[in-house]
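Observations on chain architecture
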Amino acid sequence: MEMNPRARRYWFPKHYADEVQRLRVPLGFAMVALFGWYAQPEKWSLWAGVPVSLCGLWIRAWAAGHLAKNETLATTGPFAYVRNPLYLGTLIVALGLALAGRQIGLAALFAAAFVFVYLPAMELEEQHLRHLFPEYGPYAEQVPMLMPRGKSSYEGGRFRWSLYRRNQEYQALAGLAAGIAFLVWRSGLL
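This text gives an overview of the structure that appears in the document. (Residues numbered from 1 in each chain as written. Predicted model: local features only at pLDDT ≥ 70, side-chain atom pairs only at ≥ 80, totals over all residues. Heavy atoms only, no water.)

A few words on the pattern of salt bridges. Close approach of charged atoms allows side chains of opposite charge to pair. Per the counting criterion, the structure on display carries 7 salt bridges. R166 is paired through a salt bridge with E71; the nearest N and O atoms lie 2.7 Å apart. In this pair, R166 is assigned in helix α6 (residues 161-166) and E71 in the loop between α2 (43-64) and α3 (85-101), connecting sequence segments 95 residues apart. Between R130 and E126 there is a salt bridge whose closest N-O contact spans 3.3 Å. Here R130 pairs with E126, and both are found in helix α4 (residues 104-132), just 4 residues apart, close to one helical turn. One salt-bridge network, held together by shared partners, links R83, E126 and R130. (Salt bridge = Lys/Arg side-chain N within 4 Å of Asp/Glu carboxyl O. Helix = DSSP H or I, 4+ residues; strand = E, 2+ residues; numbered from the N terminus.)

Below is the structure:
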């Protein structure tokens, strides 16, 4: 049987993606514990890393205000430029925290978690969206997964605070605030 040449191929087997999807939250807690244990922030690293994390948080917030999960396909706001702006924002937040924590090992850990946990999660979500929204295929052909590339034909739409609240993105704000406070305390600045 010949495979459809336009069929989407995925990097990770579905059984692996399903398993790491279930483990994503416990793994996140383990990473937070390792981060807390090994971070060695200094004033200069906080000044360098915190703004990076805030940029990632801003991307996540912007995306949450355009995302009506399982109701409509999100194609506006940051979704006009990348299919996974929430994951992109998370990656930027993590890189900023690793920089603020002054540990190359933390950056490597976050990168590995992104590749082996978040990329399979993105693939599962893509399969779900292809099933839920017939227009996802053409959208995915035009909009890159994570790295924006210029002008998009999906620009427009407006940010909605009601979606931001419904998506509970304020939890990411609270989590980052707690993380920054911990790093400031750990650095001895407080």
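Still more to cover.
The subject of this paragraph is the nonpolar core. If you look at the biggest cluster of nonpolar residues, it comprises 17 residues, and the most contacted ones within it are F35, L97, F110, L176 and L183. For this core, the elements supplying multiple residues, two or more each, are α1 (14-38), α2, α3, α4 and α7 (170-187). Ignoring any residue separated from it by four or fewer positions in sequence, one finds F110 in contact with M31, F35, A94 and A98. One finds A63, F79, L86 and A140 within the second-largest nonpolar core, a separate group that totals 13 residues. (Core = buried A, V, L, I, M, F, W, Y, C linked by side-chain atoms within 4.5 Å. Buried < 20%, exposed > 50% of the residue type's maximum accessible area, 1.4 Å probe, protein only. Contact = heavy atoms within 4.5 Å.)

Looking now at α4. Over its 29 residues, α4 runs 40 Å from end to end, which matches the ideal 42 Å to within 8%, given 1.5 Å per residue. At F114, α4 shows its maximal kink, close to 35°. The set of residues buried in α4 consists of L106, F110, A113, F114, V117, L119, P120, A121, M122, E123, L124 and E126. Packing partners of the buried residues in α4 comprise α1, α3 and α5 (136-142). (Expected span 1.5 Å × (residues − 1). Bend = angle between axes of the 7 residues up to and from the residue.)

A few words now on the packing of α1 against α7. Axes are the key here: two packed helices are described by the angle between their axes and the distance separating the axes. Following both chains from N to C, one finds α1 and α7 inclined at 25°, their axes separated by 10 Å at the closest point. As the angle between them shows, α1 and α7 are arranged roughly parallel. Here α1 runs over α7; the crossing is right-handed. Where α1 approaches α7, its residues F35, G36, W37 and Y38 are matched on the opposing element by F182, L183 and R186. The residue makeup of the contact of α1 with α7, split by class, is 5 nonpolar, 1 polar and 1 charged. (Axes fitted to C-alpha atoms, helices over the stretch in contact; angles between N-to-C directions. Parallel < 35°, antiparallel > 145°, perpendicular 65-115°, else oblique. Left-handed = near helix turned anticlockwise from the far one by under 90°. Nonpolar A, V, L, I, M, F, W, Y, C, P; charged D, E, K, R; others polar.)

This part is about the packing of α3 against α4. Two numbers describe how α3 lies on α4: the axes approach to 10 Å, and their chain directions differ by 170°. Between α3 and α4, the angle falls in the class roughly antiparallel. Facing Y87, T90, L91, A94 and A98 of α3, the residues of α4 in contact are L106, A107, F110, F114, Y118, A121, M122 and E125. Looking at the contact of α3 with α4 residue by residue, the classes come out as 11 nonpolar, 1 polar and 1 charged.

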